[in-house]
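The primary structure of each chain is shown beneath.
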Amino acid sequence: MSSAFKNCRTVMVTGASRGLGLQMVESLATGSFSPGKIIATARDPSRAQELQNLAGKYPNVHIITLDVVSQDSIEKAAKEVDAIVQGEGLNCLINNAGINVIADFETVTAEQMLENFHTNSVAPLMVTKALLPLLQRAAARGTGMGIHRAAVHQHHSLLGSIELYWGDRASTFKWYPYRTSKAALNMLSRCMAVDLQDEGILCMALHPGWVRTDMGGPQAPLSTEESISSVLSVIGGLTEKDHGGFLHYTGEPLPW
Ligand code: NDP
């Protein structure tokens with residue numbers, strides 16, 4: 001990933017208090033071509049000590065408060081991001097914040113479905129809408145498609161792939177709220193890709209692999225460093241051909 005972000009001046013990562021979001025901020029801050037402004041959001045920055053340590057060490061890391069399920073918080077955060085990026089606008093928005101409400105067919109409730117949908121499917125839409133003027137500002141300054149101009153990336157999951165959840169593959173992780181919220185996020189990504197194409201804003205979805213985080217658990221095969229070094233290389237290399245796509249962290253296309 002060393003040079004993947006060399007043409008990206010401003011990047012924002014939601015849910016950067018821990019896990020993949022924190023690793024993204026760390027890898028971006030310590031990379032040889034670090035973006036000029038890395039905006040790391042956390043719903044309670046006072047409890048995100050590792051993120052605070054990064055911001056203390058790297059002056060291009062800016063922490064702002066963002067609870068993605070609160071419209072007030074989203075609007076306040078958008079104003080703060082505006083003040084940070086100013087005329088440059090926002091080159092790359094990474095909608096990473098997510099939750100996994102575990103419930104199967106027997107146990108699932110309407111409240112659990114809605115809670116998971118709010119965070120994983122509705123929030124990325126509302127966050128992107130609030131930041132659209134800043135993405136448009138960045139897009140107006142460039143040509144082509146990619147993070148040198150303006151891009152929105154969503155953290156999807158293989159567990160949200162409808163095509164892959166069948167036959168032999170359908171015996172594990174029978175999580176109704178999570179799987180369906182990520183499947184909805186797939187369509188959200190496609191809808192935004194259709195609507196933002198003419199603005200030159202690249203939209204795509206990426207599965208980061210199964211990673212050892214609080215959500216992924218200790219048995220996951222990938223470390224956060226392994227996942228994110230590959231994820232950032234893929235995001236850094238996105239072009240027109242990836243617009244509207246769903247990619248594996250290795251860069252290969254995935255079935256919806
Ligand atoms: P973690 O559970 O380790 O971290 C989740 C992050 O999201 C935390 O920073 C958390 O903040 C934040 N978050 C949750 N709800 C909100 C909210 N309402 N407002 C703001 N931030 C919020 O998960 P991972 O790092 O593993 O996952 C990150 C993303 O990657 C998720 O979207 C997940 O679905 C996806 N993914 C992960 C995989 C894995 O194997 N780990 C596999 C496939 C996809 P806080 O500390 O405040 O709770």
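The name an unreviewed UniProt entry assigns to the protein chain is C-factor-like, from the organism Albula goreensis.

Quick notes on the site of the ligand
Lining the immediate surroundings of the ligand are 29 residues, of which Ser-17, Arg-43, Tyr-178, Val-211 and Thr-213 lie closest. Take Leu-20: an N or O atom from its main chain is 2.8 Å from an oxygen atom of the ligand. A distance of 2.8 Å separates an oxygen atom of the ligand from a polar side-chain atom of Arg-43. Considered on its own, the ligand offers 900 Å² of accessible surface; in the complex 93% of this is hidden by protein. Within the residue set of the shell around the ligand, elements represented by two or more residues are α1 (19-30) and α5 (176-196). Residue composition of the shell around the ligand, by class: 11 nonpolar, 13 polar and five charged.

Describing the packing of α1 against helix α6 (residues 224-236)
Put simply, α1 and α6 touch, their axes get as near as 9 Å, and they point 65° apart. Put simply, α1 runs roughly perpendicular to α6. For the pair α1 and α6, the sense of crossing is right-handed. Mapping the contact onto sequence places Gly-19, Leu-20, Gln-23, Met-24, Ser-27 and Leu-28 in α1 and Thr-224, Glu-225, Ser-227, Ile-228, Val-231, Leu-232 and Ile-235 in α6. Here the residues of the contact of α1 with α6 sort into seven nonpolar, five polar and one charged.

Digging into the confidence of the model for the protein chain
Scored by pLDDT, the protein chain comes out at a mean of 95, with 99% of its residues at no less than 70. Overall fold confidence (pTM) sits at 0.97, and the ipTM for the predicted complex is 0.99.

Notes on unusual backbone geometry
At Gln-86, a residue that is not glycine, the phi angle is positive and equals roughly 50°. Unlike most non-glycine residues, Phe-173 shows phi in positive territory, near 50°.

Points about the pattern of salt bridges
Applying the stated rule across the entire model yields six salt bridges. Here Lys-76 and Glu-80 are joined by a salt bridge, their closest N and O atoms 3.8 Å apart. Of this pair, Lys-76 and Glu-80 are both found in helix α3 (residues 71-85), four residues apart, which corresponds to roughly one turn of the helix. Judged by relative accessible area, which is 55%, Lys-76 ranks as exposed. A relative accessible area of 28% means that Glu-80 is categorised as partly exposed. Among the salt bridges present, the one from Asp-242 reaches Lys-241, with a minimum N-O distance of 3.4 Å. Note on Asp-242: relative accessible area 11%, which makes it buried. Overall, Lys-241 belongs to the exposed group, its relative accessible area being 68%. Beyond isolated ion pairs, a larger network of salt bridges with shared partners links Arg-9, Glu-88 and Arg-141.

Reading the values: the criteria
Residues numbered from 1 in each chain as written. Predicted model: local features only at pLDDT ≥ 70, side-chain atom pairs only at ≥ 80, totals over all residues. Heavy atoms only, no water. Near = heavy atom within 4 Å. Polar contact = N/O pair within 3.5 Å; in protein donor to acceptor, adjacent residues only side chain to side chain. Areas by Shrake-Rupley, 256 points an atom, 1.4 Å probe, with all protein chains shown as cover. Helix = DSSP H or I, 4+ residues; strand = E, 2+ residues; numbered from the N terminus. Nonpolar A, V, L, I, M, F, W, Y, C, P; charged D, E, K, R; others polar. Axes fitted to C-alpha atoms, helices over the stretch in contact; angles between N-to-C directions. Parallel < 35°, antiparallel > 145°, perpendicular 65-115°, else oblique. Left-handed = near helix turned anticlockwise from the far one by under 90°. Contact = heavy atoms within 4.5 Å. pLDDT = per-residue confidence, 0-100. Salt bridge = Lys/Arg side-chain N within 4 Å of Asp/Glu carboxyl O. Buried < 20%, exposed > 50% of the residue type's maximum accessible area, 1.4 Å probe, protein only.

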